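If you want the building blocks of each chain, they are given just below.
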Amino acid sequence: MGNGVFVTGTDTGVGKTLVSCALVRRLAQTGRSVGVMKPVETGVLPEQLSESDAGRLLAAAGTCDGIEEVSPYRFPLPLAPLAAASAQGRVIEIQEILGRYERLAARYACVVVEGAGGLLVPMAKDWDLRDLIGRIGLPVVLVGRAGLGGINHALLTLEGLRQRHCAVMAVVMNETALSTTPAQQEQCASTVALLRERAGVPVLGPLSYQPHLGSDWSGAVEMLAQSDPIRALANLVWAHAVGMPGSPRRGPEP
Ligand SMILES: Nc1ncnc2c1ncn2[C@@H]1O[C@H](COP(=O)(O)OP(=O)(O)OP(=O)(O)O)[C@@H](O)[C@H]1O
Ligand SMILES: C[C@H](N)[C@H](N)CCCCCC(=O)O
Ligand SMILES: [Mg+2]
């Protein structure tokens, strides 16, 4: 039944969760059937589940799914998934993740799946995040950092996705740091403009820097859910979910 998007990033800390939460809020607020998934999360402390990625995604969706269901692999050490799992004597099984996704996809018209870190993050000894993207078959939303350096990182990740024929729905650029000086503002604008010329897919944003994000995550998410880039992203995602013509096709298995 379901469809959805796989949200990856040019790096860890670029705003995958922020963009995913704003997207999910927008879809939920407009009455769409949307579920969430964070297959693997590291750096998660049991006493801070509500501030974890999975906790924040569930809060944005407002669903009653259990955190175990949407996030089967959670580890305390803030490391790459393979390292964090190994430290606990565990192995991340791709089949387990695919099975969980299928159950969520049977429940919702659209499932927003957030990866971990960037595209080539090791998940187990013989596979990485890109392998999961290929197997799950969802189009990708790539989140990148708006600012100097963002062009290269985004184009490298797009190249990595194209190598495996992964469909890319859009790039969303995000201001993770305040652009206060004219030079920083020019770097941000130039990054997005040049990326638009070279990405070959829609480049949305930049999402503005949210100074109160640390103290009011949900308030920032609500505000961004109304922003033009997130409205445009939600329209693209929903058009794909309901199979409207012109939406990005699923990429073939690698
Ligand atoms: N638009 C923004 N405005 C202000 N701060 C931001 C913004 N985007 C990201 N940040 C900062 O970067 C941090 C990381 O954002 P986020 O958790 O969404 O990244 P991520 O890509 O999901 O990271 P991970 O790889 O750990 O999942 C946020 O907690 C916040 O401190
Ligand atoms: C701990 C962090 N917040 C993420 N959950 C995991 C990031 C893994 C990055 C691995 C790497 O690219 O070096
Ligand atoms: Mg995250």
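The protein carries the name ATP-dependent dethiobiotin synthetase BioD in an unreviewed UniProt entry, which gives Nitrospira defluvii as its organism. Here is the UniProt Subunit (unreviewed entry) comment for the protein, exactly as written: "Homodimer." Taken directly from UniProt, the Sequence similarities (unreviewed entry) text for the protein runs: "Belongs to the dethiobiotin synthetase family."

Asker: Before we go on, may I ask you to explain helix H2 (residues 53-61) in this structure?
Answerer: Most of H2 sits out of view: seven of its nine residues are buried. Buried within H2 we find Asp53, Ala54, Gly55, Leu57, Leu58, Ala60 and Ala61. Where H2 is buried, its residues meet helix H1 (16-29), strand S2 (34-37), strand S3 (40-42), helix H3 (67-70) and strand S5 (110-118). Trailing H2 by a residue or two, Gly62 shows a phi angle of about 70°, which is positive.

Asker: Just to check I follow, could you spell out the packing of aromatic side chains for this structure?
Answerer: The description of an aromatic ring pair rests on the distance of the ring centres and on the angle between the ring planes. Taken as a whole and judged by the stated rule, the model has one aromatic pair. Look at Tyr73 and Phe75: their rings are 6.4 Å apart centre to centre, the planes differ by 25°, and that puts the pair in the stacked class. Like Tyr73, the residue Phe75 is buried in the burial classification. Here the basic side chain of Arg56 rests over the ring of Trp217, its NZ or CZ set 3.9 Å away from the ring centre.

Asker: Quick question: what am I supposed to make of the coordination of the magnesium ion (ligand 3) here?
Answerer: Angles at a metal have ideal values that depend on geometry: 109.5 degrees with four tetrahedral donors, 90 or 180 degrees with six octahedral donors. Taken together, Thr17 (OG1), Asp53 (OD) and Glu114 (OE) make up the protein donors of the magnesium ion (ligand 3), found 2.0 to 2.2 Å from the metal. Look at where the donors of the magnesium ion (ligand 3) fall in the sequence and you get T-x35-D-x60-E. Separated by 36 residues along the polypeptide, Thr17 in helix H1 and Asp53 in helix H2 bring together distant segments of the chain. Taken as a pair, Thr17 and Asp53 share a single burial class, namely buried.

Asker: Explain the site of ligand 2 to me, please; I cannot follow it from the model alone.
Answerer: What surrounds ligand 2 is the set Thr12, Thr42, Pro78, Leu79, Ala80 and Val121. Residue Thr42 places a side-chain N or O atom 3.0 Å away from a nitrogen atom belonging to ligand 2. Protein chains shield 59% of the accessible area of ligand 2, which is 390 Å² for the free molecule. The cavity where ligand 2 resides is the largest pocket. When the residues that make up the shell around ligand 2 are grouped by side-chain class, the tally is four nonpolar, two polar and no charged.

Asker: Is there a simple way to think about the packing of H1 against helix H9 (residues 217-225) in this case?
Answerer: For any two helices packed against each other, the geometry comes down to the angle between their axes and how far apart the axes lie. Across the interface, H1 lies against H9 with an axial gap of 8 Å and an inter-helix angle of 60°. The crossing of H1 and H9 is right-handed. Note on element contacts: H9 touches H1 through Trp217, Val221, Glu222, Leu224 and Ala225, opposite Thr17, Leu18, Cys21, Ala22, Arg25, Arg26 and Gln29.

Reading guide: rules and limits
- Residues numbered from 1 in each chain as written.
- Chains lettered and ligands numbered in written order.
- Predicted model: local features only at pLDDT ≥ 70, side-chain atom pairs only at ≥ 80, totals over all residues.
- Heavy atoms only, no water.
- UniProt positions renumbered as here; feature names shortened; annotations may be inferred.
- Buried < 20%, exposed > 50% of the residue type's maximum accessible area, 1.4 Å probe, protein only.
- Helix = DSSP H or I, 4+ residues; strand = E, 2+ residues; numbered from the N terminus.
- Contact = heavy atoms within 4.5 Å.
- Phe/Tyr/Trp six-rings, centres within 6.5 Å; stacked < 30°, edge-to-face > 60°.
- Lys NZ or Arg CZ within 6 Å of the ring centre and 35° of its normal.
- Donors = N, O, S within 2.8 Å, 3.2 Å for Na, K, Ca; no water.
- Near = heavy atom within 4 Å.
- Polar contact = N/O pair within 3.5 Å; in protein donor to acceptor, adjacent residues only side chain to side chain.
- Areas by Shrake-Rupley, 256 points an atom, 1.4 Å probe, with all protein chains shown as cover.
- 1 Å grid on protein atoms, 1.4 Å probe; cavity = no way out; pocket = protein on both sides within 12 Å on 5 of 7 lines; lining within 4 Å.
- Sits in = over half its atoms within 2 Å of the grid points.
- Nonpolar A, V, L, I, M, F, W, Y, C, P; charged D, E, K, R; others polar.
- Axes fitted to C-alpha atoms, helices over the stretch in contact; angles between N-to-C directions.
- Left-handed = near helix turned anticlockwise from the far one by under 90°.

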